[in-house]
Structure formats: C-alpha cells, structure tokens
Amino acid sequence: MTNCCQYCSKKIPISKVFCSAECKESFFQKIVISIPKPFVKKLYFFCSKEQRDFEIKLFAKRHNWHEKLVTEKVEELFEEYYKCG
C-alpha cells in the first residue's frame, strides 16, 4: 500500500507521512505563515505581476519566511477568498 506526501503529494510508503525532511519542514512552515486578507486583496487587485512579486519578496524577508512558501500561501488564500465556483 502507498500513501501520499502531505506536502508534495508524491507516493510514499504507508508508514511515512512526508517523503523528505524538506517536505516536512516546508509543510509546517507554511502552516505558520499568516497573511492578512487585505494584503492578498492589494496584491491581486491593485498590483501588477512585477509589483506582486516584489511585495511578496519584501513580506517574506520582513518575516524571515521562504519566498516560495509565502507565494504558495498567497495563491491559496487568493483562491479561497476571491475565486467563485
């Protein structure tokens, strides 16, 4: 039997939860990341793609989070908050 990694969805043995220590670390760091709803709104409704990338980079640096994880979290929150259907 196989299971899927909680972070990257890669197939792994049933006895494991994550495929690597990196996936485990990323999963728990992503849970800790807290992004305010007005910030997400600002990024998608008032900023261009370049400005969005710059703002995310500054936000990640300010809070000592990985930029990739912040970008993923922002995209998830945008889907949750503003995508209908």
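What you see is a predicted model, and the numbers here were worked out from it, not measured in a lab.

Analysis parameters
- Residues numbered from 1 in each chain as written.
- Predicted model: local features only at pLDDT ≥ 70, side-chain atom pairs only at ≥ 80, totals over all residues.
- Heavy atoms only, no water.
- Core = buried A, V, L, I, M, F, W, Y, C linked by side-chain atoms within 4.5 Å.
- Buried < 20%, exposed > 50% of the residue type's maximum accessible area, 1.4 Å probe, protein only.
- Helix = DSSP H or I, 4+ residues; strand = E, 2+ residues; numbered from the N terminus.
- Contact = heavy atoms within 4.5 Å.
- Polar contact = N/O pair within 3.5 Å; in protein donor to acceptor, adjacent residues only side chain to side chain.

## A word on the nonpolar core
Membership of the largest hydrophobic core comes to 18 residues, with the highest contact counts inside it found for Cys-5, Ile-35, Val-70 and Val-74. Mapped by element, the contributors of at least two residues to this core are helix H2 (37–45), helix H3 (49–63) and helix H4 (67–82). Sort the elements by how many residues they give to this core and H4 lands first, with five residues. Residues contacting Val-74, with those up to four places away along its chain left out, are Ile-35, Val-40, Leu-43, Tyr-44 and Ile-56.

## A closer look at the side chain of Lys-30
With respect to the helices, strands and loops of the structure, Lys-30 is situated in helix H1 (residues 21–32). A relative accessible area of 13% means that Lys-30 is categorised as buried. Within polar-contact distance, the side chain of Lys-30 engages the side chain of Glu-72 at 3.2 Å. Once residues lying within four places of it in the same chain are set aside, the contact partners of Lys-30 are Tyr-7, Leu-69, Glu-72, Lys-73 and Glu-76.

## Details of the environment of Leu-69
Mapped onto the elements, Leu-69 comes out in helix H4. On the basis of relative accessible area, Leu-69 is assigned to the buried category, the value being 2%. Each C-alpha atom, one on Leu-69 and one on Ser-34, is 11 Å from the other, the two residues being 35 residues apart in sequence. In contact with Leu-69, not counting residues within four places along its chain, are Tyr-7, Ser-26, Gln-29, Lys-30 and Ile-33.

## What to know about unusual backbone geometry
At Ser-9, a residue that is not glycine, the phi angle is positive and equals roughly 65°. Following the sequence through the fold, Ser-9 ends up in the loop between strand E1 (2–4) and strand E2 (11–13). A positive phi angle, near 60°, is found at Asn-64, a position not held by glycine. Along the chain, Asn-64 falls in the loop between H3 and H4. With a relative accessible area of 72%, Asn-64 lands in the exposed category.

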